[in-house]
Amino acid sequence: MKPRVRFAPSPTGYLHIGGARTALFNWLYARHTGGTFILRIEDTDAARNSQEAVDVILNGLRWLGLDWDEGPLTGDATGAGKGNCGPYFQSQRKENYQRRVEALLSRGLAYEHEGAVKFKMQREPITIHDLVVGDVVRKLTDREEADPDFVILRSDGQPVFHLVNVIDDLEMDVTHVIRGEDHLSNTAKHIALFQAFGVKPPHYAHIPLILNGDGTKMSKRDTGASLTAYTEGGFLPEAVVNYLCLLGWSPKDNREKMSRDEVVERFDLPQILRHNARFDYEKLLWLQGEYARELGDDRFYELAVHAFAKAGVNTNAFPLPYVKAALDTCKGKFKLFSELPAYAGFYFTDKIEYDVEAAKKDFVPENKPRLEKLRDAFAAAPAFNAGALEIALKETAKALGVKAGVLVHPCRLAVTGKTSGPSLYHLLEVLGKEKVMQRIEKALAGFGG
């Protein structure tokens, strides 16, 4: 039987980066082995769940490109798996859980206790044969208490995580449970339940936790903890997927940048590392920059225009050739698309606001006649293109007896309002002669003010 794996998140607010990594590892193993990837929403806790939280999970998985293989057919937007199937929802499977509880009660393997139902836990040690951690022996349960019996059905009739988790894995024929190491303490209970149902447990593979760079546990308030920070922060999904692969898995040749298809080909459970992974935001940014630099033109334009729109900049108000030319000067110059509006917003506004500190340094009296000379040189240039403008600036600097930078800095500040950005000569060409002259004149009028 080919592997059947699942990702079973609880919709309680946001998708943690550790949960996204767990989903990815399950998806990779399914794709590597030709198996099945199941998405199951563990939403039995009605008080904590919300449709908004469900949407966060579904949209996050879609953004990462993690399509699931089976589930109830749906005609609405929740379907994103093969055959337009939606995920399984535990809240829709309550009859299954009740039937299984009654079976345990009838066989004396569970009993009623203060309105709830408790499972009669075995007293013999349980060995967990973990594919990552190795063999782990639990004498009774995670706390090895004198009475290891545990609640499987609360007094309000709601089934607990341990019960529904096992029943769903059993009924969905899950062969491998790949999940975070924080669940290892639950596994003895789950194995006991499988045995009580007369079924062989699946293979378990508990993957290392993701920690902050300083070794502390990552909370939802820490940098990079929520997948939403990436979906809304201008990251590329392929860069995030690539980085998540490196958190707890190693291809053994120290390579870091790998395509999704290559990871699928190489990924396997024995390569999952035993020690906890440390989140390195700088490495993620590096990968993001690499992927951003390699984007094809059409996708680059699409993502860039979307980033501007999100920042309230309507690029549709400008001619398409102008927009593309402006964006071409930015490619490979930034890492996050969320940075693009600040980096190149000067192309799409006539309201230039000067960097205050830069203006104090560059808009000084001695630079006014220099910028005037440069303005005249630009006006007299035989063509208003990058090559001709570069020659004009360097010849002006030579005539003034100064280095080119003495002119470059106030000129850039005058036309963009910033001290850095795209190539000066190319951005001047894109802006065009009329805009450049207007902006230089405006800057000159404000010198010394």
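Note that this is a predicted model, so its numbers are computed, not measured.

**Q** Hey, could you run me through empty space enclosed by the protein in this one?
**A** Where empty space is left becomes clear once a probe the size of a water molecule has been rolled over the atoms. All chains considered together, the criterion is met by 1 cavity of 30 Å³ or more. Space inside the largest cavity adds up to approximately 30 Å³. Forming the walls of the largest cavity are Ile17, Tyr230, Val240, Tyr243, Leu244, Phe279 and Leu284. Sorting elements by how many residues they give to the lining of the largest cavity places helix H7 (residues 237-246) first, with 3 residues. Here the lining of the largest cavity is built from residues that sort into 7 nonpolar, no polar and no charged.

**Q** Any chance you could explain the pairing of strand S4 (residues 110-113) here in plain terms?
**A** Consecutive side chains along a regular strand alternate between the two faces of the sheet. Note that S4 and strand S5 (residues 116-119) share 4 bridges and pair antiparallel. Directly across from His113, in S5, lies its bridge partner Ala116. Two successive antiparallel strands, S4 and S5, enclose a turn made up of 2 residues, where Glu114 displays a positive phi of approximately 55°.

**Q** Please clarify how the pairing of S5 should be interpreted in this entry.
**A** A two-sided burial pattern is seen for S5, the buried positions comprising Ala116 and Lys118 on one face and Val117 and Phe119 on the other. Two elements, S5 and strand S8 (residues 150-153), share 3 bridges in a ladder whose sense is antiparallel. By the bridge assignment for S8, Val117 is matched with Leu153.

**Q** What's the story with the nonpolar core in this structure? I'm lost.
**A** Nonpolar side chains tend toward joint burial in soluble globular proteins. Ranked by internal contacts, the top residues of the largest apolar core, which has 109 residues, are Leu340, Tyr347 and Phe378. If you tally residues by element for this core, the top one is helix H1 (residues 17-33), at 9 residues. What Tyr347 contacts, discounting residues up to four positions off in sequence, is Phe318, Tyr322, Ala326, Thr329, Cys330, Pro422, Leu427, Val430, Leu431 and Lys435. Grouped together as the second largest cluster of nonpolar side chains are 34 residues, Ile38, Val101, Met121 and Ala188 included.

**Q** Got a minute to help me understand helix H16 (residues 404-416) in this structure?
**A** With 13 residues, H16 should reach 18 Å at 1.5 Å per residue; the first-to-last C-alpha distance of 18 Å fits that figure. Contacts from the buried residues of H16 go to helix H13 (356-362), helix H14 (367-380), helix H15 (386-400), helix H17 (424-431) and helix H18 (433-446).

**Q** I'm lost on the layout of surface pockets in this one. Help?
**A** Volume-wise, the largest pocket comes out at about 1,200 Å³. In terms of lining, the largest pocket is formed by 41 residues, of which the most central are Ala8, Pro9, Ser10, Asp182 and His183. Within the residue set of the lining of the largest pocket, elements represented by two or more residues are strand S1 (4-7), H1, helix H4 (161-171), strand S9 (176-180) and strand S11 (210-211). Ranked by residue count, the leading element in the lining of the largest pocket is H1, at 4 residues.

**Q** Explanation requested: the sheet that holds S1 in the structure shown.
**A** Sheets are built from strands paired through backbone hydrogen bonds, the pairs being either parallel or antiparallel. Pairing is parallel in the open sheet, where 3 strands are placed in the order S1-S2-S3. Looking at which strands have only one partner, the edges of the open sheet turn out to be S1 and strand S3 (88-89). Bridge analysis of S1 against strand S2 (residues 36-41) gives 4 bridges, and the strand direction is parallel. What sits directly across from Arg6, in S2, is Ile38. The sheet strands contacting H1 are S1 and S2, and the helix crosses S1 at an angle near 160°. Strands S1, S2 and S3 of the sheet are contacted by helix H2 (residues 51-64), whose axis makes an angle of about 160° with S2.

**Q** Which parts of the structure should I look at to understand the packing of aromatic side chains?
**A** Geometry of an aromatic ring pair is reported as the spacing of the ring centres plus the angle between the planes. Under the counting rule described, the total for this entry stands at 21 aromatic pairs. Both rings, one in Phe378 and one in Phe384, keep their centres 6.4 Å apart while their planes meet at 80°; by these two values the pair is edge-to-face. For the pair formed by Phe378 and Phe384, the shared burial category is buried. Within the aromatic cluster, the residues linked to one another by ring pairs are Phe308, Phe318, Tyr322, Phe346, Tyr347 and Phe348. In this structure, Arg100 packs its charged tip against the face of Phe197, placed 5.4 Å from the ring centre.

**Q** When you look at the environment of Val133 in this model, what are you seeing that I'm missing?
**A** For Val133, the position within the fold is in the loop between strand S6 (126-130) and strand S7 (134-138). Sequence separation of Val133 and Glu42 is 91 residues, and the distance between their C-alpha atoms is 25 Å.

**Q** Help me out: how do you make sense of the sheet that holds S4 in this one?
**A** Pairing in this open sheet of 3 strands is antiparallel, and the strands run S4-S5-S8 from one edge to the other. What marks the edges here is a single partner per strand, and that holds for S4 and S8. Averaged over all pairs of adjacent strands, the angle between strand axes in this sheet comes to 45°, irrespective of strand direction.

**Q** I tried to follow unusual backbone geometry on my own but got confused; where do I start?
**A** With glycine set apart, most residues show a phi of negative sign, and most peptide bonds adopt trans. Its identity is not glycine, yet Glu114 carries a phi of approximately 55°, on the positive side. Along the polypeptide, Glu114 turns up in the loop between S4 and S5. Unlike most non-glycine residues, Asp173 shows phi in positive territory, near 55°. Among the secondary structure elements, Asp173 is positioned in the loop between H4 and S9. A residue is classified by how much of its surface remains accessible, and Asp173, at 43% relative accessible area, is partly exposed.

Rules and cut-offs
Residues numbered from 1 in each chain as written. Predicted model: local features only at pLDDT ≥ 70, side-chain atom pairs only at ≥ 80, totals over all residues. Heavy atoms only, no water. 1 Å grid on protein atoms, 1.4 Å probe; cavity = no way out; pocket = protein on both sides within 12 Å on 5 of 7 lines; lining within 4 Å. Points joined across faces, edges and corners; volume = space filled by probe spheres on them. Helix = DSSP H or I, 4+ residues; strand = E, 2+ residues; numbered from the N terminus. Nonpolar A, V, L, I, M, F, W, Y, C, P; charged D, E, K, R; others polar. Pairing = 2+ DSSP bridges. Buried < 20%, exposed > 50% of the residue type's maximum accessible area, 1.4 Å probe, protein only. Core = buried A, V, L, I, M, F, W, Y, C linked by side-chain atoms within 4.5 Å. Contact = heavy atoms within 4.5 Å. Expected span 1.5 Å × (residues − 1). Axes fitted to C-alpha atoms, helices over the stretch in contact; angles between N-to-C directions. Phe/Tyr/Trp six-rings, centres within 6.5 Å; stacked < 30°, edge-to-face > 60°. Lys NZ or Arg CZ within 6 Å of the ring centre and 35° of its normal.

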